[in-house]
Amino acid sequence: MSDGQPILKNPGSIGRRRFLKVTGAAVAGSSLATMLDARQAPAQLKGTTLRILTWSHFIPAYDVWFDKFSAEWGEKNGVKVRVDHIPHLEIPARMAAEFAAGAGHDIILNNSTILARLYYKSLLDMTDIFDQLGKKYGGWIPAAKSPIEVEGRIYGMPMYYILLPMLWRKDLFDANGLKAPDTWELARVAARTLKPKGNPAGMAFSHCNDANLNWRSLMFSFGATETDASGDNPTIDSKEMREALRFAKAMFDEGMTPEVFSWDDASDNRFLASGIAGWIHDAISAYRTTESTNPPVFKNTFIAMEPAGPGGKRVSVSAPIVFLSWKFSKNSTAAKEYLTHLVDNDKEGMIQSTGYNMPFLNDNAKKPMPIIGADPKMQVLQDFPKIVAFFGYPGPYTPQIQEVGLLFVLPDIFTRVARGQSIDDSLKWGLGEYRRIFAKHKRA
Amino acid sequence: MTGRSHSGGPDASSARAAGVSVAVRARSRRWFESQTSRRLTFGYLLLAPAALYVALLVGIPFLFSLYLAVSDANVGDPVARFVGLGNFRAAWEMDTFWDALRNSIVFLVVAAIFKSLLGTSLAFLLLQSFKGKKLVRALVVIPFTLPISVSVLSWKWMYDSQFSVINWGLHKAGLIGAYGSESWPVWLGQPHLALIACIGVNVWRSFPFSAIVLLAGFTSVPTEVLDAARVDGCSFFQRFRHIVTPMIFPILIIGFLFDTVFTLSDLSVVYLLTQGGPGSATQILPVLAYQIGIQAGSLGRGAAIALMLVPLLFPALFLMLRNLKRRDW
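Everything numeric in this text was worked out from a predicted model, so none of it was measured.

Chemist: What am I meant to see in the side chain of T227 of chain A here?
Modeler: Residues and elements named next belong to chain A. With respect to the helices and strands, T227 occurs in the loop between α8 (209-221) and α9 (239-255). Overall, T227 belongs to the buried group, its relative accessible area being 1%. A distance of 2.7 Å separates a polar atom in the side chain of T227 from the backbone oxygen of G392. Setting aside residues no more than four positions away along its own chain, T227 makes contact with N233, P234, T235, G392, Y393, P394, G395, I401 and F438.

Chemist: Please clarify how the interface of chain B and chain A should be interpreted in this entry.
Modeler: Accessible area lost on assembly of the parts is the figure often given for the size of an interface. Across the boundary between the two partners, chain B contributes 41 residues, which contact 36 residues of chain A. Of the roughly 3,200 Å² buried where chain B meets chain A, counting both sides, 53% is carbon and sulfur surface. At the surface where chain B touches chain A, the tally comes to 3 salt bridges. At the junction of chain B with chain A, the criterion picks out 15 residue pairs in polar contact (both at pLDDT 80 or more).

Chemist: Mind showing me how you'd approach unusual backbone geometry here?
Modeler: In most cases, non-glycine residues show a negative phi, while peptide bonds are predominantly trans. With an omega of 5°, the peptide bond between Y393 of chain A and P394 of chain A qualifies as cis. Looking at where P394 of chain A falls in the secondary structure, it is placed in the loop between β13 (388-389) and α15 (399-406). Although it is not a glycine, F408 of chain A sits at a positive phi angle of roughly 55°. Tracing the chain through its elements places F408 of chain A in the loop between α15 and α16 (409-418). Backbone geometry places Q275 of chain B, a non-glycine residue, at a positive phi of 55°.

Chemist: I'm lost on the sheet that holds strand β9 (residues 301-304) of chain A in this one. Help?
Modeler: Strand pairing in a sheet relies on backbone hydrogen bonds, with the paired strands running either antiparallel or parallel. Residue and element names in this part refer to chain A. Pairing is antiparallel in the open sheet, where 3 strands are placed in the order β8-β7-β9. Both outer strands of the open sheet, β8 (279-281) and β9, are each paired with one neighbouring strand and no more. Strand-to-strand twist in this sheet, taken as the mean axis angle between neighbours without regard to direction, amounts to 20°. Where strand β7 (residues 166-169) and β8 come together, 3 bridges link them in antiparallel fashion. The partner of W168 across the bridge, within β8, is W279. The strands touched by helix α7 (residues 184-194) are β7 and β8; relative to β8, the strand with the most contacts, the crossing angle is about 140°.

Chemist: Would you mind showing me how to read the nonpolar core here?
Modeler: What tends to happen in soluble globular proteins is that the nonpolar side chains get buried as a cluster. One finds W215 and W279 of chain A to be the most contacted residues of the largest nonpolar core, which totals 168 residues. One finds A111, Y159, V269 and V287 of chain B within the second-largest nonpolar core, a separate group that totals 20 residues.

Chemist: I keep staring at the sheet that holds strand β6 (residues 157-162) of chain A and nothing clicks. Help me out?
Modeler: All names here are of chain A. With mixed pairing, the 6 strands of this open sheet are ordered in space as β2-β1-β3-β11-β6-β12. With one partner strand each, in any of the chains shown, β2 (80-86) and β12 (358-359) form the two edges of the open sheet. Packed on one face of the sheet, helix α2 (residues 60-77) meets β1 (49-55), β2, β6 and β11 (319-324) and runs near 160° to β2.

Chemist: Just to check I follow, could you spell out helix α5 (residues 127-136) of chain A for this structure?
Modeler: Residues three or four positions apart in an α-helix share a direction because the helix packs 3.6 residues into each turn. Within α5 of chain A the residues assigned to the buried category are T127, I129, F130, L133 and G134 of chain A. At the C-terminal side of α5 of chain A, G138 of chain A shows a positive phi close to 75°.

Chemist: Quick question: what am I supposed to make of the packing of α5 of chain A against helix α13 (residues 332-344) of chain A here?
Modeler: When two helices pack together, their arrangement is given by the angle between the helix axes and by the axis-to-axis distance. Residues and elements named next belong to chain A. At a minimum axis separation of 11 Å, α5 and α13 run at an interaxial angle of 20°. Here α5 lies roughly parallel to α13, going by the angle between them. The way α5 lies across α13 gives a crossing that is right-handed. Residues D128, I129, L133 and K136 of α5 form the contact with α13, whose own contacting residues are K336, T340, V343 and D344. Here the contact of α5 with α13 is composed, by residue class, of 3 nonpolar, 1 polar and 4 charged.

Definitions and cut-offs
- Residues numbered from 1 in each chain as written.
- Chains lettered and ligands numbered in written order.
- Predicted model: local features only at pLDDT ≥ 70, side-chain atom pairs only at ≥ 80, totals over all residues.
- Heavy atoms only, no water.
- Helix = DSSP H or I, 4+ residues; strand = E, 2+ residues; numbered from the N terminus.
- Buried < 20%, exposed > 50% of the residue type's maximum accessible area, 1.4 Å probe, protein only.
- Polar contact = N/O pair within 3.5 Å; in protein donor to acceptor, adjacent residues only side chain to side chain.
- Contact = heavy atoms within 4.5 Å.
- Buried area = accessible area lost by both parts, 1.4 Å probe.
- Salt bridge = Lys/Arg side-chain N within 4 Å of Asp/Glu carboxyl O.
- Pairing = 2+ DSSP bridges.
- Axes fitted to C-alpha atoms, helices over the stretch in contact; angles between N-to-C directions.
- Core = buried A, V, L, I, M, F, W, Y, C linked by side-chain atoms within 4.5 Å.
- Parallel < 35°, antiparallel > 145°, perpendicular 65-115°, else oblique.
- Left-handed = near helix turned anticlockwise from the far one by under 90°.
- Nonpolar A, V, L, I, M, F, W, Y, C, P; charged D, E, K, R; others polar.

Given below as structure tokens:
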């Protein structure tokens, strides 16, 4: 007699649908694994289209190489590849539009603003190729998972990160008997000494990404932290943070000029290229551009290891670049295959970016690294992978910490202190903003 | 039962009813065929595309933003829950929101004053006859027609802390010291200067629009009226105040309305110049809404902040339109 309840099947038995599902998944999985192993795209990719949305790289030659590389991969595999370049600040709006439409690019680059945790429910799970590539290239650097891991799964492919080391003028340092800026204290002494001679130092206090990255590097090197390990609670109110703020205020007063309050991401490049700067803390594009714009400055500009804080700690906060792919992409197999191929050619990318792109994979980070390993002035960059961190350190790169970054709360705390507001008041304001943002995300 | 009634029986009543119905039909047919109805129908038909356009491109997005503002919608989750006024409360709790609100009002008022002054002066200048007038007329609208990103980037260079051509000019004129001196202005780095710089770009970009609107108004004033006033001994300002202004009032109001909406919703100038910095010195509501709603992905909170512009705009629009109606224009 039926009582209206479904008849329970033997849990061990396999129905037709389940059989099809399991065997289908197994076949697809094994074909992908075989394909990845053999580095050959499956035949079903032929005749499909792969649309890639990426940024306009700071090194234009890299974009030329990237487009050619993508086209060649497409030709080899019978896939029509289309690459669109847009300014990276426009990518969040484009992603929101594509998500709303449920259609768009198959692969999308995120630069600094990593949206994997925001969209993860709609993103392609890349755990399989992430693990496989990690195994193949000696594992990923510790920071690699932070922006793309949600609940143990990986929703993006880390491609490279951009370092912001100390770029200093050796000629000016030598002429004034200064030591290389190996610690923040030495950097401060140099700023204090060089400013009266017309060569102030510069670190942006303004609303720009450099400010977000630089002040985090300084505070983390001072032992301060941004969130706890879970990423759910802000931890900026600490003794170390107060020390970092006190130090930043002194360094600004003694060694910088108010123009740092107005800078954008390219201002420090111009500051260095003009020959005025004693030192800046910026991406190596600043160094590279002086090669053509001011060769004497280029000759005398050296790159230093991330300065150590009072306890000897060094943390370099970098801008991560990852690729994501929509779950609704009509060509996710090609997307995974293409990304795997791209990571396989990571070293070529490093060469084409003239050392700008830093590798996430341990084997690619081994010395000597392409380009930077051969340049005596840039060799020091090879020591950075082990001290790289991202926003939220030591916690993960969460949407709430991203909102903190987008609203420039942390640079604003430093700005308030530099402009003369008390450390207590500035920190109280900043912590309030952090807590409000965190609480809103928790509720959501 | 025959169904006969006291009122004259079925035949009579049905005949009467039929008569009434015929009369109503005839009257309504007559109404539909009347000149008035045809005129109204034609009028509504002509209005329909505009009404449809407003409903589709303004009404629906507005209603959608209302829906977003009371939900926890975010860019990564298609399912949103009702949160009441939670997003508005969250905005009010932010210090940055109040800074943005204050700056938006200052931005609007100061920009409006300068645009009125400069726009009026330019319109009067363009009314005069001089050689090359047509060329000048074409040139003055250039700021308004240039792509905003291009013009704002040019201004960014002019405000550069190191290579500012404005500072260079002021220094050459002996008004400020050399680069690096105390008197060297850092346009986008000092809070008050940064706000002035942003307002300056907005005024530069929009005052030709004010001038063109005013010019259209001025040219519509009959010269006989102005000549008569001149003969009666009215000064320039008396003519402007008592004759020109009342006659072009509707045009002034419409121009002012457009300008208010354009200024309050102008995101590009501040976003490209300062991103709201230094601190929150130049933060305005549209930029804050964009940063939270689109960049950080919290659509609900972004929509709530953007909707805060409505209470700012609505009273101004209401008063202006009511004034216009009272004047019977």
